[in-house]
Amino acid sequence: MILALGLSAACGSDEPDAEPSNRGGGESTGQTSVRNVFIEPSYASDCTVQVDAPAQLSFTAINDSSTEDETLSEISTPAASRVEIDAPPEALTLSPESSIAAGQPVANPDDADAPAQSFSVWMVDLDPGVEPGQSVPVTFTFERAGEITLPVSVDGCPTQSN
């Protein structure tokens, strides 16, 4: 099942943030944090971003509360017309002291009920200004923590050499 979430329009500029950003995140609100966040767009053979193809958004969301569940309810960005979360709603709930992950492995060794599989998140209809090595703002909305917005880097073309 695909759960389409988060349409967000840019206020002011239609261009993504041109500042480079390292892969990461680490932004938190209270006991909820988002880490290891990055965007993997599709590339043409000449390494230009294919804005008409979905880009995968990878991240890990962590609930450090020892008593309360947390739920990811929406993801939005002005760098795409919409964000689609390919996961059942129950996969978006973080048990106390657990994590969920999109596009990467999940490690919840102390919680047998926590999700063991990652899910997919896709940014659809990318803004034409999205380029490798730059960052774009992405907002993760949680039921308890509210919004966590951070600059997320766009991965470079896998065939480019430095």
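Here we summarise the structure given alongside this text.

Topic: the environment of V124
Here is step 1: Positionally, V124 belongs in strand β9 (residues 120-126).
Here is step 2: The sequence separation of V124 and Q56 amounts to 68 residues, and the corresponding C-alpha distance is 9.0 Å.
Here is step 3: In this view, V124 contacts A80, S81, R82 and E84; residues no more than four positions away in its chain are not counted.

Observations regarding the pattern of salt bridges
Here is step 1: Under the counting rule described, the total for this entry stands at two salt bridges.
Here is step 2: The partner of E84 in a salt bridge is R82, and the shortest N-O contact between them spans 2.9 Å.
Here is step 3: Owing to a relative accessible area of 29%, R82 belongs among the partly exposed residues under this scheme.
Here is step 4: Between R82 and D125 there is a salt bridge, and its shortest N-O distance comes to 3.6 Å.

So, unusual backbone geometry
Here is step 1: The phi dihedral of N36 falls on the positive side, at around 50 degrees, and the residue is not glycine.
Here is step 2: By the element assignment, N36 lies in strand β3 (residues 32-40).
Here is step 3: Residue N36 is classed as partly exposed on the basis of its relative accessible area, which comes to 33%.

What counts and how
Residues numbered from 1 in each chain as written. Predicted model: local features only at pLDDT ≥ 70, side-chain atom pairs only at ≥ 80, totals over all residues. Heavy atoms only, no water. Helix = DSSP H or I, 4+ residues; strand = E, 2+ residues; numbered from the N terminus. Contact = heavy atoms within 4.5 Å. Salt bridge = Lys/Arg side-chain N within 4 Å of Asp/Glu carboxyl O. Buried < 20%, exposed > 50% of the residue type's maximum accessible area, 1.4 Å probe, protein only.

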